[in-house]
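The chain contents come next:
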Amino acid sequence: MTDVATLVNQGFFSREDVIQLLNADREDRSLLFAKAAEIKEKYVGNIVYFRGLIEFSNICEKNCFYCGIRKGNRNVKRYNLTDDEILNAAGFAYESNYGSVVLQGGELDSPAFSDRIERLVKGIKELSGDKLGITLSVGEQSPEVYRRWFEAGAHRYLLRIESSSRDLYYRIHPNDKTHSFERRLKALQDLKDTGYQVGTGVMIGLPFQTMEDLADDLLFMKEMDIDMCGMGPYIEHVDTPLWEFRDRLLPLEERFNLALKMIAILRLLMNNINIASATALQAIDPIGREKALKIGANIIMPNITPGAYRNDYKLYENKPCTDEEAADCKNCLEARIHMSGNKIGYNEWGDSQHFKDKH
Ligand code: 5AD
Ligand code: SF4
Ligand code: FES
């Protein structure tokens, strides 16, 4: 077997190589992290771009087995920000020089919802004089709807595959029409065809998940030629069906380390994509997000949802920043980024270099 020191300097990785890197122990892990940091600096620089995250509604038609705001959870107080509240949050991002916003919410599929998102995208463009970049993260939609939103001005879309293994996908989702693995794959392809910069990602440390699954997830992202990735540790939530399997999970610290390794390996596999430092990292380690920025990630999504609603957007336990307001996270993150040795790319879209090189 090739040693890790040699492996990380290779320009290509087989499935076995990826598995070996995922299994790297303490010393080898440091080699991996150092190489990923070097590649990051070389290809995307030590600049972190902010995407102000607006979690505009927790009303969702889906029933994913891992998610705290799934339709079947009756212990959630459902909310839906008004258009004005959403536009005000976007205004905060604009005034804070964030460069971009992300509209994220539960998945709905109706003409009224499509109209609303289109209206909001146009509204955000208008209030910022076309300056704010817009990422959408509202699930699977028809190609027509994706096109309308793109034409309205959204140019990036996040849709995590959650797991690229069909088997595992159906262990963490109901096996029915609304949760079809094939439909999700098609949605990712439709987004690419529409012209979006496309981001996907997975949860790390799911029950039943193997190292082979995770290696395949990374190779899936490479094969799909994605432009952006957001992936973080799976964290159990008491009001979900997967809670039952909490005893078979990796300990939190190991899940966290595995998530960092996934980010570092992806940076080696896809040098110039945008990789987000997921909020879930901070649910395990108070400086988890900064650690990810040091070893490969280059995007952070400061929460700009009005504070009053944050407690109701609990996808998992221990979610950070639920007692804070947008201005708190702004000050906090600015300090944290500087401590991590990165600069903040204010007022820039910070588009995926990978996407730019393709077009
Ligand atoms: N733990 C970690 N991440 C989760 N997500 C949903 N539930 C959980 C959880 N319990 C992630 C999914 C989804 C994103 C919005 O949040 O990957 O795509
Ligand atoms: Fe809805 Fe997304 Fe949660 Fe699934 S993960 S239940 S689609 S909010
Ligand atoms: Fe929200 Fe630190 S990022 S309080």
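Within each chain, residues carry numbers counting from 1 in the order of the written sequence. Throughout, the order in which chains and ligands are written sets their labels, letters from A for the former and numbers from 1 for the latter. For this predicted model, a pLDDT threshold of at least 70 governs which residues receive local features, and a threshold of 80 or more governs which side-chain atom pairs are given and counted, while totals over whole chains, interfaces and linings are taken from all residues. Side-chain measures were taken over the full set of non-hydrogen atoms in the model, leaving aside hydrogen atoms and water.

*Asks:* Teacher, can you tell me more about the packing of aromatic side chains here?
*Replies:* Both the distance between ring centres and the angle between the ring planes are used here to describe each pair of aromatic rings. Think of it this way: a Phe, Tyr or Trp ring, Trp meaning its six-membered ring, pairs with another when their centres are within 6.5 Å, and the plane angle makes it stacked under 30 degrees, edge-to-face over 60, tilted otherwise. Taken as a whole and judged by the stated rule, the model has 13 aromatic pairs. Residues phenylalanine 50 and tyrosine 98 carry aromatic rings whose centres are separated by 5.2 Å and whose planes lie at 80° to one another, so their mutual orientation is edge-to-face. With a gap of 48 residues between them, phenylalanine 50 in strand β1 (residues 47-57) and tyrosine 98 in the loop between α4 (83-95) and β2 (100-105) connect regions that are remote in the sequence. With respect to burial, phenylalanine 50 and tyrosine 98 carry one shared label: buried. Note on geometry: a ring has a charge over it if NZ (lysine) or CZ (arginine) is within 6 Å of the ring centre and within 35 degrees of the ring normal. Over the aromatic face of phenylalanine 208 sits the side chain of arginine 171, whose NZ or CZ is 4.3 Å from the ring centroid. A helix here means a DSSP run of H or I that spans at least four residues, while a strand means a run of E at least two residues long, and both kinds are numbered starting from the N terminus. To sort residues, take the accessible area from a 1.4 Å probe on protein chains only and compare it with the maximum for the residue type: under 20% means buried, over 50% means exposed, and anything in between is partly exposed.

*Asks:* What should I look at first to understand the pattern of salt bridges in this one?
*Replies:* A side-chain nitrogen of Lys or Arg and a carboxyl oxygen of Asp or Glu constitute a salt bridge if their distance falls within 4 Å. With the rule as written, the count across this model stands at 24 salt bridges. A salt bridge links aspartate 225 to lysine 358, with the nearest nitrogen and oxygen atoms 3.4 Å apart. Remark: lysine 358 occurs in helix α15 (residues 353-358) and aspartate 225 occurs in the loop between α9 (211-224) and β7 (228-233); sequence separation between them is 133 residues. The network of salt bridges with common partners includes Lys62, Glu107, Glu140, Glu162, Arg183 and Arg184.

*Asks:* Even after reading the chapter, I still don't get the site of ligand 1, so can you show me in this structure?
*Replies:* Near ligand 1, the surroundings consist of Tyr66, Cys67, Gln104, Arg160, Glu162, Met203, Pro233, Tyr234, Ile235, Leu315 and Tyr316. The separation between a nitrogen atom of ligand 1 and a polar main-chain atom of tyrosine 66 is 3.0 Å. A 3.5 Å cut-off defines polar contacts: any pair of N or O atoms within that distance qualifies, except that in protein one atom must be a possible hydrogen donor and the other a possible acceptor, and neighbouring residues in sequence count only when both atoms are side-chain atoms. A distance of 2.7 Å is found between a nitrogen atom of ligand 1 and a backbone nitrogen or oxygen belonging to isoleucine 235. Considered on its own, ligand 1 offers 400 Å² of accessible surface; in the complex 86% of this is hidden by protein. The class makeup of the residues in the shell around ligand 1 is 8 nonpolar, 1 polar and 2 charged. Definition of nearness: a residue and a molecule or strand are near each other if at least one heavy atom of the residue lies within 4 Å of the molecule or strand. In these tables, accessible area is a Shrake-Rupley quantity obtained with a 1.4 Å probe, and a residue counts as shielded only by the protein chains included in the view. Charged means Asp, Glu, Lys or Arg here, nonpolar means Ala, Val, Leu, Ile, Met, Phe, Trp, Tyr, Cys or Pro, and polar covers whatever is left, Gly included.

*Asks:* Would you mind showing me how to read the side chain of arginine 184 here?
*Replies:* Tracing the chain through its elements places arginine 184 in helix α8 (residues 181-194). Owing to a relative accessible area of 7%, arginine 184 belongs among the buried residues under this scheme. In terms of polar contacts, arginine 184 uses its side chain to reach the side chain of glutamate 140, at 2.6 Å.

*Asks:* I'm lost on the environment of valine 8 in this one. Help?
*Replies:* Mapped onto the secondary structure, valine 8 falls in the loop between α1 (4-7) and α2 (15-22). A residue is classified by how much of its surface remains accessible, and valine 8, at 6% relative accessible area, is buried. Sequence-wise, valine 8 and isoleucine 265 are 257 residues apart; in three dimensions their C-alpha atoms are separated by 8.8 Å. Setting aside its immediate chain neighbours within four residues, valine 8 contacts Phe13, Leu21, Leu32, Lys35 and Leu268. Residues are treated as being in contact if the distance between any of their heavy atoms lies within 4.5 Å.

*Asks:* In this structure, what is going on with α9? I would like to understand it.
*Replies:* Think of an α-helix as turning once every 3.6 residues; residues three or four places apart then point the same way. A helix is expected to span 1.5 Å multiplied by its residue count minus one. Relative to the 20 Å expected for 14 residues at 1.5 Å per residue, α9 spans 20 Å between its end C-alpha atoms, a close match to the ideal helical length. Among all positions of α9, only Asp213, Leu214, Ala215, Asp217, Leu218, Phe220, Met221 and Met224 are buried. Aspartate 225 sits one or two positions beyond α9 and adopts a positive phi of about 55°.

*Asks:* Even after reading the chapter, I still don't get the nonpolar core, so can you show me in this structure?
*Replies:* In globular proteins that are soluble, nonpolar side chains generally tend to be buried together. The set of buried Ala, Val, Leu, Ile, Met, Phe, Trp, Tyr and Cys residues whose side-chain atoms join them within 4.5 Å is what this entry labels a nonpolar core. Grouped together as the largest cluster of nonpolar side chains are 99 residues, with contacts concentrated most on Ile54, Leu136 and Met231. In terms of residue count, helix α10 (residues 252-269) provides more of this core than any other element does, 11 residues in total. The contact partners of leucine 136, leaving out residues within four places of it in the chain, are Leu103, Ile117, Val121, Trp149, Ala154, Arg156, Tyr157, Leu158 and Tyr196. Core analysis: the second largest hydrophobic core is formed by 6 residues, Tyr49, Val102, Ala276 and Ile299 among them.

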